[in-house]
Amino acid sequence: VVDLSGIDLYAISLLIQIDDRWSDIYQNTFEVMKNSYLSGDFSYFRPAFDLSTRTYIPFIGNQPIFVTLEQIKILISLAEAGETNYPAYSYLKQKILNSNALYLNYQIPSGTPVTNFESIEGYALMAKMARIMEDVQVYETCINRILWNTANSPTSPIFGLVFRSEDENKVLTASSWVVWALISMY
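It should be emphasised that the depicted structure is a prediction, and the values quoted were computed from it without experimental measurement.

1. Overview of the side chain of K95
In this fold, K95 is placed in helix α4 (residues 86-99). The exposure class of K95 is buried, given its relative accessible area of 13%. With residues near it in sequence (within four places) discarded, K95 still touches N100, A101, L102, Y106 and G111.

2. Topic: the packing of helix α6 (residues 136-148) against helix α7 (residues 175-185)
Orientation of α6 relative to α7, taken along the N-to-C sense of each, is 145°, at an axis distance of 11 Å. As α6 runs across α7, the sense of the crossing is left-handed. Here Y139, I143, I146 and L147 of α6 come into contact with α7, specifically with A181, S184 and M185. Of the residues in the contact of α6 with α7, the class split is 6 nonpolar, 1 polar and no charged.

3. Re the nonpolar core
In this structure, L4, L102 and M126 are the most contacted members of the largest nonpolar core, which totals 47 residues. For this core, the elements supplying multiple residues, two or more each, are α1 (9-18), α2 (22-34), β3 (44-45), α3 (68-80), α4, α5 (120-133), α6 and α7. No other element matches the 8 residues that α5 contributes to this core. Once residues lying within four places of it in the same chain are set aside, the contact partners of M126 are I72, Y89, L92, K93, I96, L102, V138 and C142.

4. Focus: unusual backbone geometry
With an omega of 0°, the peptide bond running from I108 to P109 counts as cis. By secondary structure assignment, the location of P109 is in the loop between β7 (105-107) and α5. Residue E134 is not a glycine yet carries a positive backbone phi of 60°. Residue placement: E134 occurs in the loop between α5 and α6.

5. Quick word on the sheet that holds strand β1 (residues 2-3)
Strand order in the open sheet formed by 3 strands is β1-β4-β5, and the pairing between neighbours is antiparallel. One side of each edge strand has no neighbouring strand; the edge strands of this open sheet are β1 and β5 (55-57). Strand direction decides the pairing type here: β1 and strand β4 (residues 48-50), joined by 2 bridges, are antiparallel. Looking at the pairing, V2 lines up with F49 of β4.

6. Some details on the packing of aromatic side chains
Summed over all chains, the structure comprises 7 aromatic pairs. Ring geometry for Y103 versus Y106: centroids 6.2 Å apart, planes at 75°, classification edge-to-face. Summarising the burial analysis for this pair, Y103 and Y106 share the class buried. One aromatic cluster in this structure is built from Y44, F66, Y91, Y103 and Y106. A cation sits over an aromatic face here: R164 above F117, 4.9 Å from the ring centre.

7. Concerning the packing of α2 against α3
Two elements in contact, α2 and α3, have axes whose closest approach is 10 Å; the angle formed by their N-to-C orientations is 130°. Put simply, α2 runs oblique to α3. The way α2 lies across α3 gives a crossing that is left-handed. Contacts from F30, M33 and K34 in α2 reach I74, S77 and L78 in α3.

Criteria and cut-off values
Throughout this document, residue positions are counted from 1 along each chain, in the order its sequence is written. Given that this is a predicted model, residues contribute local features only at a pLDDT of at least 70 and side-chain atom pairs are listed and counted only at 80 or more, while totals for whole chains, interfaces and linings are drawn from all residues. The basis for every side-chain value is the complete set of heavy atoms in the structure, and neither hydrogens nor water enter the calculation. Per the convention used, a helix needs a DSSP run of H or I reaching at least four residues, while a strand needs a run of E reaching at least two, with both numbered from the N terminus. Here's how the labels work: a residue is buried when its accessible area is under 20% of the maximum for its type, exposed when over 50%, partly exposed in between, all with a 1.4 Å probe on protein chains only. In this description, contact between two residues means that some pair of their heavy atoms is separated by no more than 4.5 Å. Axes, fitted as lines to C-alpha atoms, cover a helix only where it is in contact. Angles between the N-to-C directions of the axes lie from 0 to 180 degrees. Take the far helix as your reference; a near helix turned counterclockwise from it by less than a right angle gives a left-handed crossing, and one turned clockwise gives a right-handed crossing. For this classification, the nonpolar set comprises Ala, Val, Leu, Ile, Met, Phe, Trp, Tyr, Cys and Pro, the charged set comprises Asp, Glu, Lys and Arg, and every other residue, Gly included, is treated as polar. Within this scheme, the nonpolar core is defined by two criteria: the residues are buried Ala, Val, Leu, Ile, Met, Phe, Trp, Tyr or Cys, and they are joined through side-chain atoms within 4.5 Å. At least two bridges found by DSSP between two strands are what make those strands a pair. Stacked, tilted and edge-to-face are the three classes assigned to paired rings of Phe, Tyr and Trp, where Trp is represented by its six-membered ring and a pair needs centres within 6.5 Å; plane angles under 30 degrees give stacked, over 60 edge-to-face, the rest tilted. Charge-over-ring placement is defined geometrically: NZ (Lys) or CZ (Arg) within 6 Å of the ring centre, and within 35 degrees of the ring normal. For this classification, under 35 degrees means roughly parallel, over 145 means roughly antiparallel, 65 to 115 means roughly perpendicular, and everything else is oblique.

In structure tokens:
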């Protein structure tokens, strides 16, 4: 089973320049990723593909959950390959603009957040996707949410870092969030 969010179509396209045998791999992978999309009231990319049965896995784990970060990674990979999925982008855009938040994951098919934890990585990658789409409104919303979740008190031990509140007394930060936040802004 292949995790589709881990595939970088752009990187595979660069390998074609080195060795043309990557062409078939690229085309097959592109088709699998493109066709993983399910449209409807709850639009999403199925996150995995079973190579032995040539079927899509609708969700990973025990519950039907949409993982925001995985969805945006697939969306970006396809967009960088010239395949912009406007309905998928619009769905995520609607999630951000309607609630001013992008959560870690959502239930399938209701689209309700599974948790109240915001997806810092999701904001950063969605800002990148908004730049591709030239969508200033989504870009600014994502950047503002990143900045809102950045420690700005000089006395804080995590001053300048992106964080997420776990509860009243605990915050969580990760170096990858900081890197993704910086990439999204610059």
